Structures are given as structure tokens and as C-alpha cells.
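Residues per chain, in single letters:
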Amino acid sequence: KAGVTQTPRYLIKTRGQQVTLSCSPISGHRSVSWYQQTPGQGLQFLFEYFSETQRNKGNFPGRFSGRQFSNSRSEMNVSTLELGDSALYLCASSLASGIYVEQFFGPGTRLTVL
Amino acid sequence: AQKVTQAQTEISVVEKEDVTLDCVYETRDTTYYLFWYKQPPSGELVFLIRRNSFDEQNEISGRYSWNFQKSTSSFNFTITASQVVDSAVYFCALILASGTYKYIFGTGTRLKVLA
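Because the structure is predicted, anything quoted here is derived from the model rather than measured.

Parameters at a glance
- Residues numbered from 1 in each chain as written.
- Chains lettered and ligands numbered in written order.
- Predicted model: local features only at pLDDT ≥ 70, side-chain atom pairs only at ≥ 80, totals over all residues.
- Heavy atoms only, no water.
- Helix = DSSP H or I, 4+ residues; strand = E, 2+ residues; numbered from the N terminus.
- Rg over C-alpha atoms; globule rule 2.2 N^0.38 Å.
- Buried < 20%, exposed > 50% of the residue type's maximum accessible area, 1.4 Å probe, protein only.
- Contact = heavy atoms within 4.5 Å.
- Areas by Shrake-Rupley, 256 points an atom, 1.4 Å probe, with all protein chains shown as cover.
- Phe/Tyr/Trp six-rings, centres within 6.5 Å; stacked < 30°, edge-to-face > 60°.
- Disulfide = S-S within 2.5 Å.
- Pairing = 2+ DSSP bridges.
- Axes fitted to C-alpha atoms, helices over the stretch in contact; angles between N-to-C directions.
- Buried area = accessible area lost by both parts, 1.4 Å probe.
- Salt bridge = Lys/Arg side-chain N within 4 Å of Asp/Glu carboxyl O.
- Nonpolar A, V, L, I, M, F, W, Y, C, P; charged D, E, K, R; others polar.

S.K.: Describe in detail the overall build of chain A, supporting the description with residues and values.
M.R.: Of regular secondary structure, chain A possesses zero helices and eleven strands. Sequence-ordered secondary structure for chain A, helices as α and strands as β, is β-β-β-β-β-β-β-β-β-β-β. Relative to the compact-globule value of 13 Å for 114 residues, chain A shows a C-alpha radius of gyration of 13 Å, a close match. Referenced to the eigenvectors of the C-alpha coordinate spread, the extents of chain A come out at roughly 35 × 25 × 25 Å. Residues counted as buried form 49% of the 114 residues belonging to chain A. A sequence separation of at least 24 residues applies to 56% of the contacts in chain A between residues at least 6 apart. For chain A, the exposed area adds up to about 5300 Å²; of that, 49% sits on carbon and sulfur atoms.

Right under this line is the structure:
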């Protein structure tokens, strides 16, 4: 059974640009969550999507947005990139939404903003 | 204030030693959840355990054990007979469940197990 896939694995952008990251969940999983990991702020929850609806959202500015498609694949978009957006972006999938459902994480996309 | 403190930034042990990773949390919520995750060098987080605020039972899973004490707001993680494969960064997280979920992660403890 294939794990969570994130593409691309590495990305370099410049300030002001926008970026889209993709996450393909484990087959059959309907919930996808996104996390940001930086040396300064550590791990932070971005948002969760379940059945194409945003179920939960962390404390991030509106420049960070996401969506989920009918096949449960999810994309995360960051507009007007800032240097501080340089981070490892982790995606996790689970069968359903909720605390008691185990999440499985992908390897992450490392975004560098120059 | 809601906060998770992992005071140990880095710990080095020799293989087969026991090691305890500390996690202290702060919240005024009565309903919350505590998680531990492992992040190996490959980068992906691995879920280890979940505990809710109403369940203070300690748990043992193989070489791993967890001690949850509400009186001291701690959820410590012990690895018995550590192995090199245990080398990773370990994160403790507090999830608050009033309304939507709010995730608060600790800064992590880097564990190095030396052969």
C-alpha cells in the first residue's frame, strides 16, 4: 500500500511569488492535514480537509490556502511568499477526520524562499 | 496560556540505556489530548501515542512507555533499552478540543543513541 506522497520534494521560490504544493493521501483516506515546520516557530498546524471541506484551521494568514479534490488529493497554496515561509511542509492523511483517527505523514516538501 | 515545554533540546545516550523525554503542558481546558510523534532523519512524522485528559493510565508498548500525570501537567516518554534506530526528534503535542481543534507542539527533543 503506497504511503502519503508529496510533490515536489524540494522547491525554491523568490519573495512575492506564489507556490502550490500537492499531497496525495493513502488510498481510501479522506482526510488530509497540512503542517508547517520551521526552525523558529517549530511545528504548526495549518489546516485539515475532509471530503473537500475545510474542517479545521490553524492560525495562519490568508496567504495560506488549501483545497481538496474529489479523489482526496489536496493542494496547498501560498501567495506572495515571504522569507519566513521557508519551511518543511508536511502533509498527513487519515481515514476520517478527528482526534482518534491515526494520521500518516508524508516526507514533506521543503520550500526555500529567496 | 496554552503551551508545551520540552526542556531537553538534545539528549545523547549509549545503546541499551534507558532514556526519558520530558513533556510539560499548560492549559486551562478540561478536555484536551496529548500526543507524541517521532521524526526520524527522513523527515516524516510518525504517530506514537494519543492520550485524552480523562485517561491517566500509563501505557507501555514494547520498549516505549508513557507516564501521564495531570497533577504535574506532564506526559513523559521513556524508551527502555534504547537502540540506534530510536535516534530521532521527538515531539510532544497538546490538542485542545473546544470548538475546532487547536494544535500546540513542543519544540522537540533530539535523541541520539550511540552504538
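S.K.: How would you summarise the packing of aromatic side chains if you had to cite specific residues and measurements?
M.R.: Within this structure, the stated rule accounts for 22 aromatic pairs over all chains. Their ring planes at 85° and their centres at 6.0 Å tell us that Tyr64 of chain B and Trp66 of chain B sit as a pair that is edge-to-face. With respect to class, Tyr64 of chain B is no different from Trp66 of chain B; both count as buried. Members of the aromatic cluster, connected to one another through ring pairs, are Tyr35, Phe45 and Phe105 of chain A together with Phe35, Tyr37, Phe47, Tyr103 and Phe105 of chain B.

S.K.: An account of the state of the cysteines is requested, with residue identities and associated values reported.
M.R.: Within the structure shown, the criterion is met by two disulfides over all chains. Covalent S-S linkage joins Cys23 of chain A and Cys91 of chain A, the inter-sulfur distance amounting to 1.7 Å. Every disulfide takes its handedness from the sign of the S-S torsion; for Cys23 of chain A and Cys91 of chain A that torsion is -55°, giving left-handed. Placement of Cys23 of chain A in strand E3 (residues 19-24) and of Cys91 of chain A in strand E9 (residues 87-94) is noted, with a sequence separation of 68 residues between them. Classification of Cys91 of chain A as buried rests on a relative accessible area of 0%. Here Cys23 of chain B connects covalently by a disulfide to Cys92 of chain B, the sulfurs 1.9 Å from one another. When the S-S torsion is -65°, as for the bridge of Cys23 of chain B with Cys92 of chain B, the disulfide is left-handed. Taken as a pair, Cys23 of chain B in the loop between strand E3 (19-21) and strand E4 (24-26) and Cys92 of chain B in strand E10 (residues 88-96) lie far apart in primary sequence, 69 residues in all. For Cys23 of chain B, a relative accessible area of 0% gives the class buried.

S.K.: Summarise the sheet that holds strand E1 (residues 5-7) of chain A; cite the residues concerned and give the values.
M.R.: Picture the strands of a sheet paired through backbone hydrogen bonds; they go either parallel or antiparallel. Residue and element names in this part refer to chain A. As summarised here, the arrangement of the four strands in space is E1-E3-E8-E7, forming an open sheet in which the pairing is antiparallel. Because the sheet does not close on itself, it has two edges, and the strands there are E1 and strand E7 (64-68). Across this sheet, the average inter-strand angle for adjacent strands is 20°, counted without regard to direction. Pairing of E7 with strand E8 (residues 74-78) involves five bridges; the strand directions are antiparallel.

S.K.: Quick rundown of the interface of chain B and chain A? Include the residues and the values.
M.R.: Tallying the contact residues gives 17 residues for chain B and 18 residues for chain A. Taken over both partners, the interface formed by chain B and chain A buries close to 1600 Å², and the fraction arising from carbon and sulfur atoms is 60%. Inspection of the region where chain B meets chain A yields zero salt bridges. Looking at the side of chain B that touches chain A residue by residue, the class counts come to ten nonpolar, five polar and two charged.

S.K.: For the pairing of strand E4 (residues 31-38) of chain A, give the residues involved together with the corresponding values.
M.R.: All names here are of chain A. Counting buried residues in E4 gives eight out of eight residues, a clear majority hidden from the surface. Judged by which residues are buried, E4 turns out to be covered on both faces: Ser31, Ser33, Tyr35 and Gln37 on one side and Val32, Trp34, Gln36 and Thr38 on the other are all buried. Here eight bridges tie E4 to strand E5 (residues 42-50), and the two strands are oriented antiparallel to one another. Bridge pairing in E5 places Gln37 opposite Leu43. Between E4 and E5, which follow one another and run antiparallel, lie three residues. Summarising the sheet, E4 and E9 pair through seven bridges and their orientation is antiparallel. When the bridges of E9 are listed, Val32 appears paired with Ser93.

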